[in-house]
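Coordinate analysis (summary)
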Amino acid sequence: MRTLFISLSVICIMSFTSCATRVVANPSSVTVVKTAPKHYKTVIVKGNRYYFWNGKHYRKTRRGYVFVKV
């Protein structure tokens, strides 16, 4: 009886623990430029429109322009 109780206890304890772990991704810091400068260039890469100025590519979003790596 004692070994049955110990066996059932071990099975219950193992079934309540999970091997899955929680992973929390920290949002990266994104700089949003509200307005593009006057002398920007529009570039189309693989059907996507990007805006180019200061040697960097930006993509237009609802909030403004966001730096992207092309």
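Residues numbered from 1 in each chain as written. Predicted model: local features only at pLDDT ≥ 70, side-chain atom pairs only at ≥ 80, totals over all residues. Heavy atoms only, no water.

**Quick look at the overall build of the chain**
The number of helices and strands found in the chain is 1 helix and 5 strands. Along the chain, helices (α) and strands (β) appear in the sequence α-β-β-β-β-β when read from the amino end. The buried share of the chain, reckoned over its 70 residues, is 10%. Restricting to contacts in the chain with at least 6 residues of sequence separation, those with at least 24 account for 30%. (Helix = DSSP H or I, 4+ residues; strand = E, 2+ residues; numbered from the N terminus. Buried < 20%, exposed > 50% of the residue type's maximum accessible area, 1.4 Å probe, protein only. Contact = heavy atoms within 4.5 Å.)

**Quick look at the pairing of strand β4 (residues 56–60)**
Across 3 bridges, the pairing between strand β3 (residues 48–53) and β4 is antiparallel. Across the sheet, the residue bridging to W53 is K56, located in β4. Linking β3 to β4, which pair antiparallel, is a turn of 2 residues; within it N54 sits at a positive phi near 55°. In this sheet, strand β5 (residues 65–68) lies alongside β4 in antiparallel orientation, the contact comprising 4 bridges. Bridge assignment links H57 to a residue of β5, and that residue is V68. Counting the residues between successive antiparallel strands, the hairpin from β4 to β5 contains 4 residues, one of them, G64, with a positive phi of roughly 155°. (Pairing = 2+ DSSP bridges.)

**Notes on the confidence of the model for the chain**
When pLDDT is averaged across the chain, the result is 84; 89% of the residues are at 70 or more. Mean pLDDT per element in the chain: helix α1 (residues 2–16) is the minimum at 74, and β3 is the maximum at 94. (pLDDT = per-residue confidence, 0-100.)

**Observations concerning the environment of Y50**
Relative to the elements of secondary structure, Y50 occurs in strand β3. When the C-alpha positions of Y50 and V66 are compared, they lie 9.9 Å apart, and in sequence the two are 16 residues distant. Not counting the four nearest positions on each side in its chain, Y50 is found in contact with K41, T42, V43, V45, H57, Y58, R59, V68 and V70.

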